[in-house]
Amino acid sequence: MNKPIIRLDKIVKAYGTHTVLDGLSMDVKAGEKIALIGPSGSGKTTILRILMTLESISGGTIEVDGDYLYHMKDASGALVPANEAHMHRMREKIGMVFQHFNLFPHKNVLDNVTLAPILTKGVARAEAEKRAMELLEMVGLADKARHMPAQLSGGQKQRVAIARALALSPKIMLFDEVTSALDPELVEEVLNVMRRLGEETDMTMLLVTHEMGFAHDFADRVLFFDRGRIVEEGPPDAIFRNPKEERTQNFLRKIIAAGHRV
Amino acid sequence: MEWDWEFVRQILPDLFSGLKITIIATVLGAAFAAVGGLVFAILRRSGNRAVARSASFLVEFIRGTPLLVQLYFIFYVLPDLGIRLPALLAGVIGIGLHYSTYAAEVYRSGIENVSRGQWEAAKAVNLSVRQTWVHIILPQAIPPMIPALANYLIAMFKETPLLSAITVLELMNQAKSLANSNYRYVEPMTIVGVFFLVISLISVMGVRMLEVRFAPKDDR
C-alpha cells in the first residue's frame, strides 16, 4: 500500500479544559476495515465525529485521500484553516451512519436516500431513484421505499441510513455504534448488511462498536482506546485472544462479564 | 338611547370598507411577521456572535416598547429623517415588525425542537447550510408551531385598532369618524365589537382545527 487514505497527525481535541484527544496520530490504509473499541469517553466516537467534521479540532492536521480536511494551502503554500467550500468538497469522500439513525422523518425512505445525491451532486431524480432502489435492494428494503421512517423498525431504519450514506458513493464509511440503539433481535440484520459491504466493496470503513464478536470477524485491525490514546492495536486475534496491555485485558474482561460475545 | 336600524344601514358600507382595511393590514402584517420572525430567529442562531447579539437586542428592544409608540415613531418621526410612508404601509410595518419578535420566539422553540441529529445527518450527507434549513429543519420545525403562530395572528388582528392612531382608515377609525360626525356611538361601536367578535370566534375555531391537525406526534 502507498499513501494512507486517512492520516491523523497529533490531533488535539479539547472542550474547555477537558482534553478528549491529546496528540493522537494514526493512519488508515485505503480499503482497511478498522474497529475502534474502548470504554465510553475514551475518544473513539470523537474521532469519527471529527472525520465527519461534526466537531472541530483544537490542534493537529488530518489528511483524507491526499488532501487536508481542516486546512488548505493558500497562495504562498502555507497551511491555513479550510473554508466551507473546501470542507464541502472533502465531506463528499466520507459517509457516516449514526447510533440513532437520524433519518429525515418527514421524508419517505426513497427520498431519504435520493435527497443528497439530487441536491449535492445534481443527479437527475430518475437516476437517483434508480440507484437508490439498487441500494435499498441491497439492504433488503426495496419494498419499503414508499414507507415513512416512523413505520419502520429500528433495524430497518438503520439499514435505510446505511443506504442513504452509500448513495453518495463515499470512499470512507464511518459507523458510530450503529447497533447500540437496537433491540437485540434486530442487531444481526444490520451487521449482515455491513458484512456484505465489507465483502463486496473496497470502501475504507471505521467502526466504533461494542459488538466484539462482529469486530473480531469484520475488522482487519482493532484499535483499543483509553483516555484519548491508542493503548494497543493489532489484528483482531492478537487484541481479543492475546491482549498485551493490562488496560485492554481489563476492558475485555468487563465486556465479557457484561454478556458480550468475543 | 335607542338602537337605530336606519342609521346602521347608512353606516354599514363605510364600516365594511374599514373592515376591509383591517383585514388587509392583518394579512400583510402577518406576512411581514412570518418572514421577519424567521429572519430574527435565524440571525439569533448565527455563529457570528455580533450578528446574534444585535438580533437579540433588536428583538428585546421591539418587545420592550409599546406598539403604539412604535407606530408613532414610524409614521410621525421617520418623516423627519426623510422617510415618508403611507399610513397603511407604516401600520403594516409597525405591527408586522412588532409581531415578528413574537413569531421569532415561536420559531426559535420550533427550530430547537428539531434534534441535533438532524443537523448532523444533513451535514453527513453534505447538504449546505441553506439546503439543511430549507429541506430538513424548517419542514420539521414549522408544522408544530402553526397553532402558536395562528394565536398571534388573532392577537394581532385585535390590535389593528391601534392603527387608527396613525390615520389608517381601518374599522375602528371608520367607526370613530362616523360616530363623531353623527353624534351617535352606540351603533358604530357595537358593530365594530360584533365584527371583531365574529371573526375572532371563527379564527379560534380554525386554530383548534390546526391544533388537532398539527398535534405533535412522535415519529423519529
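To be clear, the structure that these remarks concern was listed above.
Here the structure is a predicted model, which is why all the values come from computation and not from measurement. (Residues numbered from 1 in each chain as written. Chains lettered and ligands numbered in written order. Predicted model: local features only at pLDDT ≥ 70, side-chain atom pairs only at ≥ 80, totals over all residues. Heavy atoms only, no water.)

Participant: What's the story with the interface of chain A and chain B in this structure? I'm lost.
Facilitator: Accessible area lost upon the coming together of the parts is a frequently used measure of interface size. Every contact between the two is made by 25 residues of chain A and, on the other side, 19 residues of chain B. There are 1 salt bridge connecting chain A and chain B. The salt bridge partner of B:Glu120 is A:Arg49, with a shortest N-O separation of 2.6 Å. In this assembly, chain A and chain B are joined by 7 residue pairs in polar contact (both at pLDDT 80 or more). (Contact = heavy atoms within 4.5 Å. Salt bridge = Lys/Arg side-chain N within 4 Å of Asp/Glu carboxyl O. Polar contact = N/O pair within 3.5 Å; in protein donor to acceptor, adjacent residues only side chain to side chain.)

Participant: I tried to follow the packing of aromatic side chains on my own but got confused; where do I start?
Facilitator: Where two aromatic rings form a pair, the distance of their centres and the angle of their planes describe that pair. All names here are of chain B. Applying the stated criterion across every chain, the model contains 12 aromatic pairs over all chains. When the centroid spacing of 5.2 Å and the interplanar angle of 40° are considered together, the rings of Phe16 and Phe195 count as tilted. On the criterion of sequence distance, the pair formed by Phe16 in helix α1 (residues 5-44) and Phe195 in helix α8 (residues 186-213) is long-range, its members being 179 residues apart. Here Phe16 falls in the partly exposed class, since its relative accessible area comes to 46%. (Phe/Tyr/Trp six-rings, centres within 6.5 Å; stacked < 30°, edge-to-face > 60°. Helix = DSSP H or I, 4+ residues; strand = E, 2+ residues; numbered from the N terminus. Buried < 20%, exposed > 50% of the residue type's maximum accessible area, 1.4 Å probe, protein only.)

Participant: In this structure, what is going on with the packing of α1(B) against helix α2 (residues 49-63) of chain B? I would like to understand it.
Facilitator: How two helices pack is summed up by the angle between their axes together with the distance between the axes. All names here are of chain B. With their axes 7 Å apart at the nearest point, α1 and α2 run at an angle of 135° to one another. Between α1 and α2, the crossing angle belongs to the class labelled oblique. The chirality of how α1 crosses α2 is left-handed. Between α1 and α2, the residues in contact are Phe40, Leu43 and Arg44 and Val51, Ala52, Ala55, Ser56, Leu58, Val59, Glu60 and Ile62, respectively. Partitioned by chemical class, the residues of the contact of α1 with α2 number 8 nonpolar, 1 polar and 2 charged. (Axes fitted to C-alpha atoms, helices over the stretch in contact; angles between N-to-C directions. Parallel < 35°, antiparallel > 145°, perpendicular 65-115°, else oblique. Left-handed = near helix turned anticlockwise from the far one by under 90°. Nonpolar A, V, L, I, M, F, W, Y, C, P; charged D, E, K, R; others polar.)

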